[in-house]
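Observations on chain architecture
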Amino acid sequence: MPARKFADEEIVMGRWPGSVLFYEVQVANYDDRTHLYTVKYSDGTELQLKENDIRSLSSFRFRKSSSSSGSPSRRSGSRSRSGSRSRSPGRPAKHKRRSSSQSREPRNAKKNTTAEANLIPLKLYENNNDHYNGEPDITEVNYSSLKILQHERIQPETEPLHPRKLEQKMEQMYSVERIFETPQTVGRVCMKTKELEFGGRMGVFFMIFLMPATVFYLLLMCKQKDPSVLNFPPPLPAFDSLWETRVFGVFLLWFFLQALFYLLPIGKVVEGTPLLNGVRLPYRINGFYAFILTTVALGICLYFEMELYYLYNHFLQFAVSATVFSVALSIYLYVRSLKSSEEELSPGGNSGNIIYDFFMGRELNPRIGHFDLKYFCELRPGLIGWVVINLAMLLTEMKVHRQSMPSLSMILVNTFQLLYVVDALWNEEAILTTMDITHDGFGFMLAFGDLVWVPFLYSLQAFYLVNHPHEVSWPTACAILTLNFLGYYIFRGANSQKNAFRRNPKDPKLARKCFLGKFVFYLHF
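Treat the numbers as computed from the prediction; the structure is a model and nothing was measured. Residue numbering note: each chain is counted from 1, following its sequence as written. Only residues with pLDDT of at least 70 are given local features in this predicted model, and only at 80 or more are side-chain atom pairs given and counted; all residues enter the totals for whole chains, interfaces and linings. Water and hydrogen atoms were dropped before computing side-chain values, which therefore reflect all heavy atoms in the structure.

1. Description of the overall build of the chain
Put simply, the test is: Only DSSP runs of H or I with at least four residues qualify as helices, and only runs of E with at least two residues qualify as strands; both kinds are numbered from the N terminus onward. Partly exposed residues are those whose accessible area sits between 20% and 50% of the maximum for their type, while under 20% is buried and over 50% is exposed, using a 1.4 Å probe and protein chains only. In this analysis, two residues are considered to be in contact whenever any of their non-hydrogen atoms come within 4.5 Å of each other. Note on areas: Shrake-Rupley, 1.4 Å probe, and residue coverage restricted to the protein chains presented here.
Of the regular secondary structure elements, the chain holds 15 helices and eleven strands. The burial tally for the chain puts 39% of its 525 residues in the buried class. Long-range pairs, those at least 24 residues apart, make up 75% of the contacts in the chain between residues at least 6 apart in sequence. Here the chain displays about 30900 Å² of accessible surface, and carbon together with sulfur accounts for 60% of that area.

This is the structure we're talking about:
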């Protein structure tokens, strides 16, 4: 591992990405894995730079020509109070001869308005992939901020000078004053969405109704004795049986309990990918702690003999309550986005059409203070709720069939899906580079998906097994376990490489691993 060259809090000169200009920065930290320095500009902007993009302050000082005298006393430049200069008694008169130091000056050198700095020209990076990991490419830089005040070189004189005076003039000849200002990134606003997804305006209009209909259709089918797609349509329940105020209150209690866990000052705070204006939003990584607190709360409920059978018995009503809440949340998100600035809008939900923007999400990162609504809903209420629903179905199966132990198939479903949820919460930081966070706005698509689609459709297997038990032999279970853990190994390795590539596409460690990924990447173009 190469030793680091610059220490933390050291003031150095850093090259601004995409240019050859250097600015004064402060070293914040150094990543031993990626070998990148995090530097901070005077306006608070933080960037990661390689070591060859950083120079010490001394490298920007101009070299002085060697003088015939190196005595410290001759560099002081002190004068008498009267301002007169002493002259040796045997010194020749003016304009007679030149000093030995001046004789080394070129005779035709009259004026030079440039000064050479001790810098090495840098080659700019090629094939920049920052656009693909959610980071905005810097297109405009205020180059006028670099001002160099140039000084004329002194014309060689024929008069003899005192060595002290001569050295002062030599220093003045190579002196240069530099004024460094923090580079100003020209702010970019979100462009209007031109390429519409999901079939455009008409497509998303039908999906607003199709997505809830799919959820309720599958839930109703699983409650039948013969849940076959040929048995269509399923028997519809009475309309008044779909809503119960108490169930909606329990759902709200669950949602705000997870919000309370999210606000707890536990877990580290990290910064997301840069937005269009260059700002990095902070995120608190405490989803795994919230899962542990939820497990403790569930343990307390089971200790006091609270029945989770209530969840199974009112499962359809919970799905309706979650749907109503997601629609209300989507309306609130769209209304508040009308007051958002252009740079806060999503690149995929800024078409100008109300229905399309309502579905896709108009605002990219809607926040109430430091509470990020999209980031919170992405993992907390729905994903952790999925585990709670699976546990409720496991206990319900034991109660309905009067078993002392759950079936092997129910154990496998709970184990595999619990592993997926714990993996997502343990690697919570990786979600900051996903498309949901960096590109998609928070609208009906994500709100319904996070609060309804994930918990009520992903738990469909456990819900089905309650009334339709399926026996699995131990050899079959071992084969299923082997296949699942092999799939998990591939899943975790691929997602880890994907997250590392999004954070640093130029990481040399990924160049030898992602052959197939490179092939797919080139096919994309």
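From this point, the discussion proceeds with the structure in view.
2. As for helix H4 (residues 287–303)
What counts is decided by this rule: Expected span of a helix, by definition, is 1.5 Å for each gap between consecutive residues, and there is one gap fewer than residues. In this description, the arc belongs to the directions extending from the helix axis to the C-beta atoms.
Over its 17 residues, H4 runs 24 Å from end to end, which matches the ideal 24 Å to within 8%, given 1.5 Å per residue. Regarding H4, the residues found buried are Gly287, Ala290, Phe291, Thr294 and Leu298. The buried residues of H4 occupy an angular sector of 100 degrees when projected down its axis, which confines them to one face. Looking at the buried positions of H4, the neighbouring elements they touch are helix H3 (245–263), strand S9 (282–285), helix H8 (373–400) and helix H9 (408–426). In the segment just after H4, Glu305 is the residue with positive phi, at about 60 degrees.

3. Remarks on the packing of aromatic side chains
Note the threshold: Working definition: a ring pair exists when centres of Phe, Tyr or Trp rings (six-membered ring for Trp) sit within 6.5 Å. Plane angles under 30 degrees give stacked, over 60 give edge-to-face, the rest tilted.
Using the criterion set out here, one finds 31 aromatic pairs in the structure. Judged by centre distance (5.6 Å) and plane angle (75 degrees), the ring pair of Phe205 and Phe206 falls under edge-to-face. Residue classification places Phe205 among the partly exposed positions, given a relative accessible area of 33%. Accessibility expressed as a relative area gives 52% for Phe206, which makes it exposed. With centroids separated by 5.1 Å and ring planes inclined at 70 degrees, the aromatic side chains of Trp386 and Tyr458 adopt a geometry described as edge-to-face. You can see Trp386 sitting in helix H8 and its partner Tyr458 sitting in the loop between helix H11 (444–457) and helix H12 (460–467), a full 72 residues away along the chain. Using a relative accessible area of 33% as the deciding quantity, one classes Tyr458 as partly exposed. What links up through ring pairs into an aromatic cluster is the set Phe251, Phe255, Phe256, Tyr262, Tyr283, Phe325, Phe371, Tyr375 and Phe376.

4. Overview of the nonpolar core
One broad trend across soluble globular proteins is that nonpolar side chains are buried collectively. Formally: Working definition of a nonpolar core: buried Ala, Val, Leu, Ile, Met, Phe, Trp, Tyr and Cys residues. They are joined through side-chain atoms within 4.5 Å.
With 74 residues, the main nonpolar core has Met393 and Phe456 as its most contacted residues. Here this core gets 14 residues from one element, more than from any other, and that element is H8. If we ignore the near neighbours within four places in the chain, the residues touching Met393 are Tyr312, Phe315, Met410, Ala462, Phe463 and Val466. If you look at the next biggest cluster of nonpolar residues, it comprises 14 residues, including Leu21, Tyr23, Tyr37 and Ile54.

5. Digging into the environment of Gln26
Structurally, the position occupied by Gln26 is in strand S2 (residues 22–31). A C-alpha to C-alpha distance of 6.7 Å links Gln26 and Tyr41, two positions 15 residues apart in sequence. Not counting chain neighbours up to four residues away, the residues in contact with Gln26 comprise Glu9, Glu10, Ile11, Thr38, Val39 and Lys40.

6. Re H3
Between its first and last C-alpha atoms H3 spans 27 Å; for 19 residues at 1.5 Å apiece the expected length is 27 Å, and the two agree. Buried residues of H3: Val247, Phe248, Phe251, Phe255, Gln258, Ala259, Phe261 and Tyr262, and no others. Projected down its long axis, H3 carries its buried residues within an arc of 165 degrees, all on one side. Of the exposed residues in H3, the ones pointing more than 90 degrees away from its buried face are Thr245, Arg246, Leu253, Phe256 and Leu263.

7. Topic: the pairing of strand S4 (residues 46–49)
The two faces of a sheet get side chains in turn, since along a regular strand they alternate between them. What counts is decided by this rule: Only strands that DSSP links by at least two bridges are regarded as paired with each other.
Residues Leu47 and Leu49 line the buried face of S4, whereas the alternating positions Glu46 and Gln48 sit on a face that is not buried. Note that strand S3 (residues 36–40) and S4 share four bridges and pair antiparallel. Within the sheet, the bridge partner assigned to Thr38 lies in S4 and is Gln48. Counting the residues in the hairpin turn of S3 and S4 gives five residues, including Gly44, whose phi is positive at 100 degrees.

8. Notes on the environment of Ile384
Along the chain, the position of Ile384 falls in helix H8. Sequence-wise, Ile384 and Phe291 are 93 residues apart; in three dimensions their C-alpha atoms are separated by 6.7 Å. Beyond its immediate sequence surroundings of up to four residues, Ile384 is in contact with Trp254, Gln258, Gly287, Ala290, Phe291, Thr294, Leu379 and Leu425.

9. A few points about unusual backbone geometry
Even without glycine at this site, His35 takes up a positive phi of about 60 degrees. Mapped onto the secondary structure, His35 falls in the loop between S2 and S3. Of note, the phi angle at Phe198 is positive, near 55 degrees, even though the residue is not glycine. Here Phe198 falls in the partly exposed class, since its relative accessible area comes to 39%.

10. A look at the packing of helix H2 (residues 200–222) against helix H6 (residues 315–337)
Each pair of packed helices can be summarised by the angle the axes make with each other and by the distance between the axes. How we decide: Every axis in this analysis is a line fitted to C-alpha atoms, fitted for helices over the stretch in contact. Angles between the N-to-C directions lie between 0 and 180 degrees. What sets the label is the angle itself: under 35 degrees gives roughly parallel, over 145 gives roughly antiparallel, 65 to 115 gives roughly perpendicular, and the rest give oblique. By the convention adopted, Pro, Cys, Tyr, Trp, Phe, Met, Ile, Leu, Val and Ala count as nonpolar, Lys, Arg, Asp and Glu as charged, and the other residues, Gly among them, as polar.
In the contact formed by H2 and H6, the axes pass within 11 Å of each other and the chain directions differ by 175 degrees. One way to sum up the angle between H2 and H6 is to call them roughly antiparallel. For the pair formed by H2 and H6, the contact residues are Pro212, Phe216, Leu219 and Leu220 on the first element and Phe315, Leu316, Ala319, Val320 and Thr323 on the second. Here the residues of the contact of H2 with H6 sort into eight nonpolar, one polar and no charged.

11. Quick look at the pattern of salt bridges
Defined as follows: Any carboxyl oxygen of Asp or Glu that lies within 4 Å of a side-chain nitrogen of Lys or Arg is treated as forming a salt bridge with it.
The tally for this structure, following the rule as stated, stands at seven salt bridges. We note a salt bridge from Asp53 to Arg15, for which the minimum N-O separation is 3.3 Å. Residue Asp53 is located in the loop between S4 and strand S5 (54–56), and its partner Arg15 is located in strand S1 (residues 11–15); the two are separated by 38 residues in the primary sequence. Of the residues examined, Asp53 reaches a relative accessible area of 6% and is grouped as buried. Arg380 is the salt-bridge partner of Glu428, the closest N and O atoms lying 2.9 Å from each other. Here Arg380 lies in helix H8 and Glu428 lies in the loop between H9 and helix H10 (435–438), a separation of 48 residues in the sequence.

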